[in-house]
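What follows is each chain in one-letter form.
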Amino acid sequence: MQVLPESVSTWPPNGWRLTAWLSVAVLAACAAAASLAGDPADGARMVIRLTARTSLILFVLAFTASSLAQVWPSATTLWLRTNRRNFGLAFAFSHGVHAAAIFALSQLDPVLFDALTAPVAFIAGGTGYLAIVLMAATSFDRTAAAVGPKAWRVIHTGGAWFLAVFFVVNFGRRAVLMPEMYWPYMALILAAIALRLIVRFRGRKRDRAKLGA
């Protein structure tokens with residue numbers, strides 16, 4: 001992986017500037033949501049719900065960046081692919097805020113927190129955060145070189161697919177109860193998965209054709 005050069009143009013932002021802009025936007029949205037809450041515990045819940053959505057959107061952008069550039073090549077999709085790592089790091093930041101809000105709720109209203117969570121959620125959530133930490137930590141040149149290309153592919157490909165399924169499960173069970181609120185997000189992650197699978201299938205088909213030529 002190479003460090004992305006800073007663009008001469010200030011907009012759209014690239015590289016670390018993009019990560020910073022996205023992180024500030026997430027924090028500003030969370031502050032606005034919390035300010036509308038009636039009490040701190042309700043504010044924490046609003047931040048949890050908001051960051052679940054911002055994390056999903058940022059994840060999908062990073063997850064589909066290369067596929068979008070292959071299927072619909074354009075200046076926009078090239079920009080997405082070029083900044084895929086930075087979208088991924090912004091996703092990690094958003095989900096870090098999500099974790100902080102969950103912890104805040106556990107301290108502000110332990111009874112409500114226990115009622116809303118189950119032991120299996122800690123296991124699945126902990127595994128998801130482990131994947132996010134590993135992916136974020138190996139998104140830098142030195143750490144990527146330290147683990148090697150094979151391990152890097154396992155971490156990032158395996159981690160990305162695990163998180164995609166994790167989002168499907170989490171948004172899917174809520175979509176059953178509140179379809180009007182959650183099905184648009186379910187459609188987004190399912191479309192992202194379908195796009196990745198289509199591009200992967202096309203790549204394998206093209207490789208087989210080359211071998212048979």
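Residues numbered from 1 in each chain as written. Predicted model: local features only at pLDDT ≥ 70, side-chain atom pairs only at ≥ 80, totals over all residues. Heavy atoms only, no water.

**Q** I'm lost on the overall build of the protein chain in this one. Help?
**A** Of the regular secondary structure elements, the protein chain holds 9 helices and 0 strands. Seen in sequence order, the protein chain has helices and strands lined up from the N terminus as α-α-α-α-α-α-α-α-α. Its C-alpha radius of gyration of 19 Å places the protein chain within 12% of the 17 Å reference for a compact globule of 213 residues. If one aligns the C-alpha atoms of the protein chain with their principal axes, the spans along those axes are about 65 × 40 × 35 Å. Taking all 213 residues of the protein chain together, the buried fraction comes to 38%. For the protein chain, the proportion of contacts with a sequence separation of at least 24, taken over those separated by at least 6, is 69%. With the model as given, the accessible surface of the protein chain reaches about 12400 Å², and the carbon-plus-sulfur share is 71%. Of the side chains in the protein chain, 20 bear a positive and 8 a negative charge, and the two mean positions are spaced by 19 Å. (Helix = DSSP H or I, 4+ residues; strand = E, 2+ residues; numbered from the N terminus. Rg over C-alpha atoms; globule rule 2.2 N^0.38 Å. Buried < 20%, exposed > 50% of the residue type's maximum accessible area, 1.4 Å probe, protein only. Contact = heavy atoms within 4.5 Å. Areas by Shrake-Rupley, 256 points an atom, 1.4 Å probe, with all protein chains shown as cover. Lys, Arg positive; Asp, Glu negative; His and termini not counted. Charge placed at Lys NZ, Arg CZ, Asp CG, Glu CD.)

**Q** Would you take a moment to explain the side chain of Ser55 for this structure?
**A** Here Ser55 is to be found in helix 2 (residues 40–71). Of the polar contacts made by the side chain of Ser55, one reaches the side chain of Ser94; its length is 2.8 Å. Among the polar contacts made by the side chain of Ser55, one reaches the side chain of His95 at a distance of 2.9 Å. Discounting chain neighbours no more than four positions away, the residues touching Ser55 are Phe91, Ser94, His95 and Phe167. (Polar contact = N/O pair within 3.5 Å; in protein donor to acceptor, adjacent residues only side chain to side chain.)

**Q** I tried to follow the nonpolar core on my own but got confused; where do I start?
**A** Counting 45 residues, the largest nonpolar core has Phe59, Phe63 and Ile189 as its most contacted members. Ranked by residue count, the leading element in this core is helix 2, at 13 residues. Among residues more than four places away in sequence, those in contact with Phe59 are Phe91, Ala160, Leu163, Ala164, Phe167 and Ile189. (Core = buried A, V, L, I, M, F, W, Y, C linked by side-chain atoms within 4.5 Å.)

**Q** Honestly, the packing of helix 6 (residues 119–137) against helix 8 (residues 149–177) in this entry has me stumped. Any pointers?
**A** Each pair of packed helices can be described by the angle between their axes along with the distance between the axes. Where helix 6 contacts helix 8, the two axes come as close as 9 Å, and the packing angle between them is 145°. In the crossing of helix 6 with helix 8, the sense of the turn from one axis to the other is left-handed. Packed against helix 6, whose contacting residues are Ala124, Gly125, Thr127, Gly128, Ala131, Ile132, Leu134 and Met135, the element helix 8 presents Ile155, His156, Gly159, Ala160, Phe162, Leu163 and Phe166 at the interface. Split into classes, the residues belonging to the contact of helix 6 with helix 8 amount to 10 nonpolar, 5 polar and no charged. (Axes fitted to C-alpha atoms, helices over the stretch in contact; angles between N-to-C directions. Left-handed = near helix turned anticlockwise from the far one by under 90°. Nonpolar A, V, L, I, M, F, W, Y, C, P; charged D, E, K, R; others polar.)

**Q** Sorry, what's going on with the side chain of Asn170 here?
**A** Relative to the assigned elements, Asn170 resides in helix 8. Judged by relative accessible area, which is 18%, Asn170 ranks as buried. At a separation of 3.3 Å, a polar atom in the side chain of Asn170 contacts the side chain of Arg173.

**Q** Sorry if this is basic, but what is going on with the packing of helix 2 against helix 3 (residues 75–82) here?
**A** Helix 3 packs onto helix 2 with a crossing angle of 130° between their chain directions and a minimal axis gap of 8 Å. Comparing the axis directions of helix 2 and helix 3 gives the class oblique. Along this stretch, helix 2 crosses helix 3, giving a crossing that reads as left-handed. When helix 2 is examined against helix 3, the residues Leu61, Ala65, Ser66, Leu68 and Ala69 are found in contact with a partner set consisting of Thr77, Leu80 and Arg81. (Parallel < 35°, antiparallel > 145°, perpendicular 65-115°, else oblique.)

**Q** When you look at the environment of Leu188 in this model, what are you seeing that I'm missing?
**A** Within the secondary structure layout, Leu188 lies in helix 9 (residues 179–212). Owing to a relative accessible area of 32%, Leu188 belongs among the partly exposed residues under this scheme. Put simply, Leu188 and Ile57 are 131 residues apart on the chain and 8.2 Å apart in space, counted from C-alpha to C-alpha. In this structure Leu188 touches Leu56, Ile57 and Val60, once residues within four positions along its chain are discounted.

**Q** Honestly, the packing of aromatic side chains in this entry has me stumped. Any pointers?
**A** In this description, a pair of aromatic rings is defined by centroid distance and the angle of the planes. A full pass over the atoms with the stated rule returns 14 aromatic pairs. An angle of 10° between the planes, with centres 5.7 Å apart, marks the rings of Trp16 and Phe140 as stacked. Highlighted residues: Trp16 in helix 1 (residues 15–35) and Phe140 in the loop between helix 6 and helix 7 (141–147), separated in sequence by 124 residues. Taking relative accessible area as the criterion, Phe140 reaches 36% and is therefore assigned partly exposed. When the centroid spacing of 5.2 Å and the interplanar angle of 20° are considered together, the rings of Phe59 and Phe63 count as stacked. In this pair, Phe59 and Phe63 are both assigned in helix 2, 4 residues apart and thus about one turn of the helix distant. Each member of the pair, Phe59 as well as Phe63, carries the same accessibility label: buried. Among the aromatic residues, those joined into a cluster by ring pairs are Phe59, Phe63, Phe91, Trp161, Phe162, Phe166, Phe167, Phe171, Tyr182 and Tyr185. One Lys or Arg, Arg196, reaches over the ring of Phe63 and ends 4.3 Å from the middle of that ring. (Phe/Tyr/Trp six-rings, centres within 6.5 Å; stacked < 30°, edge-to-face > 60°. Lys NZ or Arg CZ within 6 Å of the ring centre and 35° of its normal.)

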